[in-house]
Amino acid sequence: MGDSLITIVAIFLAAILMFVFPLMSMSERTDDVSELAVQTSTTEFVDKVRTTGKLTLEDYDKYISTISSTGNSFDVDIEIQELDENPGVKTTQADMTKIGENLYYNLYTSQIEEKLNNNGKITLKEGDRIGVSVKNTNQTISQTLKNFFYQLAGNDTYQIAAQHAGIVTVNGTK
Amino acid sequence: MIRFGLQTSYTRKLQTATADAIKSFQLNTINNKYSTVSDSKIRDIEASISSFYNSLGTELGASGYTAEELQSFIPAMVYTMYDGYYIYGEYWNETLEGDYKYQYGLRPYIYYSCRYKSINNDFIVNYTLDNTITVYGIVNGTYVTKSGSLILTDLIKESSIQKKQYDYTDNVGNQHHCEYVVAIQYDGITIEPEILKEQLVTINEDNVIDRQEYEYVTYSNRKIYKDNNGYFWNNKNKKQYITDIETLKFAECMTWDGHLHSNSGAQYYADAYEFSKWVNEHLGNITQENAYEADGVTKITNFAITTKQEKIFDLTNENNNPLIEESTFNQNRMAVIRRTIESNLASAIANYGAIADYEFEMPLFTEEDWDKLLNNVSLATFMQGIPIGTKYYNNYCIITNDKNKEVVTTDSIYVITDSNGNGVYDLDSLDEVHVATCKKVIDEEESVIAAYRNIDFERQNVVITEGDERYFYPHANEKCYHCMVSAADNYDMNDLIAGTMKTYSKNTDTYEVNNKATNYINSSNLRKIYLTALAREKYDLYKTNAYFGT
C-alpha cells in the first residue's frame, strides 16, 4: 500500500519534471522572443517619427499589426509632448541669460488616435518629444503556468513590455 | 538575441549623434554672419563632424570604443548643400609621407550636375535644391555660362515691369545714374517693394549695449541697416557706417517717404523671367534622352525617375511649373541629384577598406529618405562593420537640417498676422507668427502683414566680452498655437503657390477645391506677401545670381 502511494507520488513528480517544467521554460522563451520583437518594432516606430517629424496612420497601423503578430494583445500608450517656446521668447528679451524656460503640452493615446483617424497624420516639430510604452494585456501561457505554481495574483502583472522615447529631430512637412 | 538588442542600440546612438551634428551645424551657421562664404562653411562642417564623433564616442564610451576607433566604422558622412554636397571620409593624399597615404577629411565639393548633348549643344546643367540652375558649355554653338531661377514665363506680364530711376551725387560731386526694378506682376499678383525690419543688438564705443529695431535691405548678400545717422553694416555687433559708393547709391535709391525699401522680390522675378526666356529659347527641346555621362559618350539610361520625351526646360508648358514638385523639371532635378549622390557615395563607401575582414557597401535608401535628401540640406551618416553576434552592423541615418543659411525652401517662409489690429507689423508685440498655410489664418481670414525666413525667428547670441553672452530674437513674436506650437494639419504649400487651395475629403479620398480658402488667399495679402518673401529671401541668399548675363 505504502509503496503504491510513493509510486503515484513519484509518477506525479516525474510528470511535472518531464512535462510541465520544459513547458514553462519553453513558454518563457516564447515570451522573451515576443518581447524582443516588440522592443525592436517599438524602437523602430519611435525612431521613424523622430527622424521624419511625422506620425502617420499607416505607420501606426503597421506598428500595431507587427506587435500583434506575436499572438498577444497589447495596451499601447503613446505620449507626445509639444514644445511651446513662446514663454521663453516673451520673458527673456535682450538680456536673456537663461535657457530652458519652455513649456510642453501633452497629447495622449486617445487624442492621438482621434487626430490620426481624422487627418491620417500628425506632424511634429523639432524639439517635441514622443514616447511609446507597450505591455501585454492577455495572459500568456507562461503567465498562466506561473500563476498556477507560484500563486501570483493581481491584474497588473505583465510579461511582455517595451518602451522607447526621444526628441523629434526635424520639422515634419506635408 | 544579443544581436537584435545591439542593433537597435547602435542605430539609436547613430541617430542621436547625427542629430547632434545637425544641431551644431545649425547653431554655428545661425550665429555666423559669414556662413555662406565657402571657407567659413567648411569650418562649420568640420565643427559639426567633430561633434558627431564626440557624441558617438560619449555614447559608446560604455561599450569601450573611443572616437578614434569609431572612425574605422564610419565609412562616410554626406553633407548635402544647396548646389552640391561634401563627402567626409577617407581619401588618398599623395603629399603624405609613408606608404599608407589615406587620410580622413572632406573630399572636394561635388555639384549636382548632368551633361546634356544634342546637335549644336553640349553643356552641363548644375541643379540645386530649388528652381535655380547654372548652365555652362556650348549652347547653339557658342560657349555660355548662365545662372538663374526658372519660372513659367507666361506667368509674368512683361508690361508690368516698373523701374525706378535715380540720380545720385557722391561726396566728390560725381553724378551717378541708376535704375532698379521695383515692381512686377507674377501670376496675377503685383510684387512691390516692401519695408523690412528686425531687431539688432549693437555695442557702441563705450561698450553700451543697445537693442533696437532697424529697417534693412540686403545688397550683395549683406544687410544694410538704416538709422538716423545714415546706413550701416553690422560688423561684429558694431555699427559700421557705409562709405562705399555702389552700396550707398542703392540704399539711397531705395529710400523714399523716410523708409528703406527692399526690391529683392521684384528683382528676383525680373531676373528669373529674363533667364527663363533664354532657357526656353535655347534649351527648350532638351529631354532626358539627351543626358550623357560626364565622358560625353555613354547615354544615361538608369535615372530613378524617367520622363522620356518630356521637355525638361520647356517653361511655356503650364504643367511644368518649376516651383511645383511634380513638374518635369523637378522630376529631372531629383533624378540627377539622386544619381550623382548614389554613384559617388557608393564608390566612396566601397573603396573604404580600413578593416580587412569586412567589406563596406552602401545600404539601400528608402524612398522616404531620398525625399529628405533631395529637398533639403541634410546629413547622412553611415556606420558599418561593428561585430554584433555572428554578423556585422550596417545601417545609416539621414536627418534634414531645416534651419540653415543654405537654401530657402517653400516651407521656410513664416508669415506674421496683424493680431493686435494696428495695421503695421510690430516686432515685439502680439502679432503672431504662422506657417504660410496655417489653417487658422486661412479659415478665419486673418490679416497677414509680413513674412520672413524661419531662421530670422531663431534666437541669436551676441558675445559682449568673454563670458558675457547675451541673446536676442531678431523677431520676438509669439508663435501660433495652431500651426507652430502644435504642428497640426495645414493646407498644402504647393496649392498656395499655385493659387488654388484644396482640402482632403475623407469620404471620397480625394482633394477637392476649397472655394472659400482659394478666394481668401487671392483676395487678401497672404499669397502676395508669401510669394514676395519667398522671392526676396532667395534673391538675398544666393550668390549664383551674380553670374547672370555673362
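The written sequence of each chain sets the order in which its residues are numbered from 1. All chains are assigned letters beginning at A, and all ligands numbers beginning at 1, according to the order in which they are written. Owing to the predicted nature of the model, reporting of local features is limited to residues with pLDDT of at least 70; listing and counting of side-chain atom pairs is limited to 80 or more, with chain, interface and lining totals taken over all residues.

### Notes on the overall build of chain B
Here a helix means four or more residues in a row that DSSP labels H or I, a strand means two or more in a row labelled E, and each is numbered from the N terminus. Helices and strands together make up the secondary structure of chain B, namely eleven helices and 28 strands. The globule rule used here is 2.2 Å times the number of residues to the 0.38 power, and the radius of gyration it is set against is calculated over C-alpha atoms. A compact globule built from 550 residues should have a C-alpha radius of gyration of about 24 Å, and chain B, at 25 Å, falls within 12% of that. Summarising its shape, the C-alpha atoms of chain B cover approximately 75 × 65 × 65 Å along the three principal directions. Exposure in this text rests on C-beta crowding, where 20 or more other C-beta atoms within 10 Å of a residue's own make it buried, 12 or fewer make it exposed, and counts in between make it partly exposed. The C-beta atoms are placed from the backbone. Out of the 550 residues belonging to chain B, those deemed buried represent 41%.

### Considerations on the confidence of the model for chain A
Of all residues in chain A, 87% have pLDDT values of 70 or greater, and the mean over the chain is 84. The model gives residues 92–97 of chain A a pLDDT under 50, and that stretch makes ten contacts with residues more than four places away or in other chains. On a range of 0 to 100, pLDDT expresses the predictor's confidence in each residue. This entry defines residue contacts through backbone-placed C-beta atoms, with two residues in contact when those atoms are within 7 Å.

### What about the environment of isoleucine 497 of chain B?
Residue and element names in this part refer to chain B. Structurally, isoleucine 497 is set in helix α9 (residues 493–498). For the pair isoleucine 497 and tyrosine 530, spaced 33 residues apart in sequence, the C-alpha separation works out to 8.6 Å. Sequence-distant contacts of isoleucine 497, defined by excluding residues within four places in its chain, comprise Leu323, Ile324 and Thr410.

### Topic: helix α11 (residues 526–541) of chain B
Helix span, as expected, comes to 1.5 Å for every residue beyond the first. With 16 residues, α11 of chain B extends 22 Å from end C-alpha to end C-alpha; this agrees with the ideal 22 Å at 1.5 Å per step. Counting buried positions over the 16 residues of α11 of chain B gives 15, a clear majority of the element.

### With respect to the sheet that holds strand β10 (residues 189–191) of chain B
Remark on secondary structure: sheet strands pair via backbone hydrogen bonds, oriented parallel or antiparallel. Residue and element names in this part refer to chain B. A pair of strands is labelled paired if DSSP reports no fewer than 2 bridges between them. Ordered in space as β8-β9-β10, the three strands form an open sheet in which the pairing is antiparallel. Every interior strand has two partners, whereas the edge strands, β8 (156–169) and β10, have only one. Ignoring which end each strand starts from, the neighbouring axes of this sheet average 25 degrees apart. With three bridges joining them, strand β9 (residues 175–186) and β10 adopt antiparallel strand pairing. Bridge assignment links isoleucine 184 to a residue of β10, and that residue is isoleucine 191. Interaxial angle, 0 to 180 degrees, is taken between N-to-C directions of lines fitted to C-alpha atoms, where a helix line uses only the stretch in contact. Lying over the sheet, helix α4 (residues 245–253) contacts β8 and β9, oriented at roughly 115 degrees with respect to β8. Most of the contacts of α11 go to β10, to which it runs at about 40 degrees, and overall it touches β9 and β10.

### A word on the sheet that holds strand β3 (residues 103–108) of chain A
Residues and elements named next belong to chain A. Reading across from one edge, β3-β2-β5-β6 is the order of the four strands in this open sheet, with antiparallel pairing throughout. Both outer strands of the open sheet, β3 and β6 (161–167), are each paired with one neighbouring strand and no more. With direction set aside, neighbouring strand axes in the sheet form an average angle of 15 degrees. Taken together, the six bridges between strand β2 (residues 74–84) and β3 define a ladder with antiparallel strand orientation. Residue pairing for β3: leucine 83 is matched across the bridge by tyrosine 104.

### Thoughts on helix α7 (residues 367–375) of chain B
Along an α-helix, residues three or four positions apart point the same way, because every turn accommodates 3.6 residues. Buried within α7 of chain B are the following residues: Lys372, Leu373, Leu374 and Asn375 of chain B. On the buried face of α7 of chain B, the contacting elements are β1 (76–80), α6 (328–350), β19 (378–388) and β20 (391–400) of chain B.

### Quick word on the packing of helix α5 (residues 264–283) of chain B against α11 of chain B
All names here are of chain B. Where α5 contacts α11, the two axes come as close as 7 Å, and the packing angle between them is 80 degrees. As summarised for this structure, α5 and α11 are arranged roughly perpendicular, according to the angle between their axes. Contacts between α5 and α11 involve Ser264, Gly265, Gln267, Tyr268 and Tyr269 on the former and, on the latter, Thr532, Ala535, Arg536, Lys538, Tyr539 and Asp540. An angle below 35 degrees is treated as roughly parallel, one above 145 as roughly antiparallel, one from 65 to 115 as roughly perpendicular, and anything else as oblique.

### With respect to the interface of chain B and chain A
For an interface, size is often stated in terms of accessible area lost upon the parts coming together. If you look at the interface, chain B gives 25 residues, while chain A gives 26 residues. Those elements giving two or more residues to the side of chain B that touches chain A turn out to be α1 (2–30), β20, β25 (468–472) and β26 (478–479) of chain B. Of the residues forming the side of chain B that touches chain A, the biggest block, six residues, is contributed by α1 of chain B. Taken together, the residues that form the side of chain B that touches chain A break down as eleven nonpolar, five polar and nine charged. Note that Gly is not counted as nonpolar here; it falls among the polar residues with everything else outside the nonpolar set of Ala, Val, Leu, Ile, Met, Phe, Trp, Tyr, Cys and Pro and the charged set of Asp, Glu, Lys and Arg.

### Structural notes on the pairing of β20 of chain B
Of all ten residues that make up β20 of chain B, seven are buried, and the element is covered over most of its length. Taken together, β19 of chain B and the strand that follows it, β20 of chain B, pair antiparallel across an intervening segment of two residues, in which glycine 389 of chain B is found at a positive phi of about 60 degrees.

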